[in-house]
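Inside the fold
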Amino acid sequence: MAELSRRRMLVSGGALGALGALAMASPAYAWTWSPQGSIAGAGAGADPRWVWDEEADALLASLLDRGAIPEVNRLLWDWNRNDQPLPDGLPADLRDFMERARRMPSWADQAKLELAAQFNKSRGIYLNLCNGVGGGMLATAIPNEARAVYYSKGGADMEDRVAKTSIFGFAVGALNAYRPDGTCVVECVKTRLVHAAVRHLLQQSPHWGGDIPISQEDMLVTWHTLPTFAMRKMLEWQVPIRPAESAAYLHVWQVTAHLLGIKEEYIPATWDAANAQSDQILPRNMGPTTEGVELTDILLSQLAEQTSPLSVSRPLCNALARYLVGDQVADWNGIRREPIWDPLIRSLWPKLVKFREGLVPLPLVPETAWIIDEAVRRYILFFLTKGKETKIEIPTANRPG
Ligand code: HEM
């Protein structure tokens, strides 16, 4: 099935073509995750590889074709807060879409969102590490995503792209994420518009040649590299998490998924459903690409620059990345093995976590562990300050060249 072009299939047979191709799918690729495990609790069970974001996609294609995006970006530059009215002057079809897209879903639970915000703060170090370094390293090992990022406009300037992505990370993790004075709704809606624009633009890139990018399945895959991956890592590290906190953390990401344009029939309702979905779709969507190797190298050198006063920085960053995502993904990404730091991080990180959680006293934490701690701290500081320099904007072109 992987070799069947989605675009070709859609062009040749629309929905019927998709059904035909579905019948040909090998069992390994069959979509068996039940919509009963979703927020919607029901659904047609359509394979999310062949579902995108129809309303946003048609709208952005039209806005791009009409040459409206530069003015839209100018108008949206100062649209920042969740409670802020949309600026005057937006095209009527876009305004109408955005008014609906920015609404919180009926199932959003403010009390859970508040608890999630507290959890994001108290567990900030783990979450930032998992979502920033971990999520970044996993994204480059997802061929669909690595290629989309590489050949889209931002691929030519990864520094700026990291900054833009960190705006989003910062918004989700903020204490006021979904309060009126927060920014999460705004960043999600802007990102939804960016993705719809990328779906239109990438198909015009001479380097692309693949399917329509950023399907519902692609978005779910990326989603799992964020909350699902982070929750699994924290459990592996034995970070104490109360059941209410775990449910709240899932909830903030369910709301985020909805605002990003993921359909409710695909958004997992529980951690069990999330883990099952992740296990079904991550393996079949991961692997090595030359683009992913290049992007990984750029990301790790940026990270190493932030930790450069620690002198051991690049080997330490390589080892931290390998520790987070494991050998298979690290090898796909071309991350060098570090004979000194790889074993050190494996043995020291769990001790640091235990110390942070008050489970072991200071004397049991070796001196070298603080170098790792400092590297993580510097990285997170970088992650949090970087986003202040820019804003998320809708692209009007692909990567030049
Ligand atoms: C843009 C987040 C899924 C490819 C962005 C941006 C954010 C973001 C915050 C805006 C920053 C920027 O413009 O650089 C997310 C989240 C996702 C997700 C939270 C899922 C939960 C995906 C997937 C793909 C993808 C699955 C590809 C398969 C892109 C591309 C851009 C982008 C190509 C535009 C970069 C440019 O303008 O050049 N995404 N994304 N994203 N995303 Fe995503």
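Worth saying up front: this structure is predicted, and the values here are computed from it rather than measured. Numbers given to residues run from 1 along each chain, matching the order in which its sequence is written. The predicted nature of this model means local features are confined to residues of pLDDT at least 70 and side-chain atom pairs, given and counted, to a pLDDT of 80 or more, with totals for whole chains, interfaces and linings taken over all residues. Working from all heavy atoms in the structure, the side-chain values ignore hydrogens and water.

1. Topic: the pattern of salt bridges
Applicable threshold: Salt bridges are defined by distance alone: a side-chain nitrogen of Lys or Arg within 4 Å of a carboxyl oxygen of Asp or Glu. Note on conventions: DSSP H or I runs of at least 4 residues are helices, E runs of at least 2 residues are strands, and numbering of each starts at the N terminus. Exposure categories follow from relative accessible area, calculated using a 1.4 Å probe and restricted to protein chains: below 20% of the type maximum is buried, above 50% is exposed, and the middle band is partly exposed.
According to the stated counting rule, one finds 27 salt bridges in the structure shown. D53 is the salt-bridge partner of R192, the closest N and O atoms lying 2.8 Å from each other. Highlighted residues: R192 in helix α9 (residues 184–202) and D53 in the loop between α1 (6–24) and α2 (54–65), separated in sequence by 139 residues. The exposure class assigned to R192 is buried, which follows from its relative accessible area of 13%. We note a salt bridge from D279 to R232, for which the minimum N-O separation is 3.2 Å. Here D279 is found in helix α12 (residues 271–281), whereas its partner R232 is found in helix α10 (residues 216–236), with 47 residues between them in sequence. Given the relative accessible area of 45%, D279 is considered partly exposed. Its relative accessible area of 33% is what places R232 among the partly exposed residues. One connected set of salt bridges, linked through shared partners, spans R322, D327, D331, R337 and D342.

2. Looking at the site of the ligand
What counts here: Each residue is tested against the molecule or strand, and it is near if at least one of its non-hydrogen atoms lies within 4 Å. Here a polar contact is taken to be a pair of N or O atoms separated by no more than 3.5 Å, where protein atoms must pair a possible hydrogen donor with a possible acceptor and residues adjacent in sequence count only if both atoms sit in side chains. Amino acid classes used here: Ala, Val, Leu, Ile, Met, Phe, Trp, Tyr, Cys and Pro are nonpolar; Asp, Glu, Lys and Arg are charged; the rest, including Gly, are polar.
Lining the immediate surroundings of the ligand are 21 residues, of which S152, G154, R161, H195 and T222 lie closest. S152 places a side-chain nitrogen or oxygen 3.1 Å from an oxygen atom of the ligand. Here an oxygen atom of the ligand and a backbone polar atom of G154 are 2.4 Å apart. Of all the secondary-structure elements, those providing two or more residues to the shell around the ligand are α7 (143–151), α8 (158–173), α9 and α10. Per-class residue counts for the shell around the ligand are 10 nonpolar, 6 polar and 5 charged.

3. Things to note about unusual backbone geometry
Most peptide bonds take the trans configuration, and most residues that are not glycine carry a negative phi. In this model, I214 sits at a positive phi of 55°, which is unusual for a non-glycine residue. Considering the arrangement of structural elements, one finds I214 in the loop between α9 and α10. Given a relative accessible area of 14%, I214 falls into the buried group. Not every positive phi belongs to a glycine, and Q238 is a case in point at roughly 60°. Looking at where Q238 falls in the secondary structure, it is placed in the loop between α10 and α11 (243–259).

4. Some remarks on the domain arrangement of the chain
Cut-off, in case you're wondering: Source of the domain bounds: an automatic or database domain assignment. Note on definitions: a residue-residue contact is assigned when non-hydrogen atoms from the two residues lie within 4.5 Å. What gets called buried area is simply the loss in accessible area from a 1.4 Å probe that two parts show on being joined, summed for both.
For the chain, the assigned domains read domain 1 (53–282) and domain 2 (290–388). The C-alpha centroid of domain 2 is placed 25 Å from the C-alpha centroid of domain 1. The partner domain 2 presents 34 residues to the 33 residues of domain 1 that form the contact. Taking both sides of the interface into account, the surface hidden between domain 1 and domain 2 amounts to around 3,300 Å²; carbon and sulfur atoms contribute 72%. Run the count over domain 1 and domain 2 and you get 2 salt bridges. With its nearest N and O atoms 3.9 Å apart, the salt bridge here joins E291 to R147. Our enumeration of links across domain 1 and domain 2 arrives at 9 residue pairs in polar contact (both at pLDDT 80 or more). Where the side of domain 1 that touches domain 2 is concerned, the elements lending two or more residues are α6 (124–139), α7, α8 and α10.

5. Quick word on the packing of aromatic side chains
Put simply, the test is: Aromatic pairs are defined between Phe, Tyr and Trp rings, using the six-membered ring for Trp, whenever the two ring centres lie within 6.5 Å; interplanar angles under 30 degrees are classed as stacked, those over 60 as edge-to-face, and all others as tilted. For a lysine, the NZ atom is tested; for an arginine, the CZ atom; a charge sits over a ring if that atom is within 6 Å of the ring centre and within 35 degrees of the ring normal.
In the structure shown here, the tally under the stated rule is 9 aromatic pairs. Pairing Y150 with Y151 gives two aromatic rings, centres 4.9 Å apart and planes at 75°, and the pair type is edge-to-face. Neither residue differs from the other here; Y150 and Y151 are each classed as buried. Their ring planes at 70° and their centres at 5.3 Å tell us that W237 and W349 sit as a pair that is edge-to-face. Taken together, the residues W237 in the loop between α10 and α11 and W349 in helix α15 (residues 341–356) connect sequence positions 112 residues apart. Following the ring pairs from residue to residue traces out a cluster consisting of Y126, W237, Y323 and W349. Cation over ring: R399 sits above Y150, and NZ or CZ is 4.1 Å from the ring centre.

6. Some points on the state of the cysteines
Selection criterion: Cysteine sulfur atoms that pair up within 2.5 Å are treated as a disulfide.
On inspection of all chains with the given rule, the structure shows 0 disulfides. With no disulfide of its own, C188 lies 4.5 Å from the sulfur of C184, the closest cysteine sulfur. Overall, C188 belongs to the buried group, its relative accessible area being 0%.

7. Here's the deal with the packing of helix α14 (residues 313–332) against α15
The condition that has to hold: A fitted line through C-alpha atoms represents every axis, and for helices the fit uses only the stretch in contact; the resulting angles, taken between N-to-C directions, go from 0 to 180 degrees. Each angle receives one of four descriptions, namely roughly parallel if under 35 degrees, roughly antiparallel if over 145, roughly perpendicular if within 65 to 115, and oblique otherwise. By convention, the crossing between two helices is left-handed when the near helix turns anticlockwise from the far helix through less than a right angle, and right-handed when the turn is clockwise.
Here α14 crosses α15 at 60°, and the two axes come no closer than 9 Å. Compared by their axis directions, α14 and α15 come out oblique. The element α14 and its partner α15 pack so that their crossing is right-handed. Contacts from P315, L316, A319, L320, R322 and Y323 of α14 reach α15 at W341, D342, I345, R346, W349 and P350.

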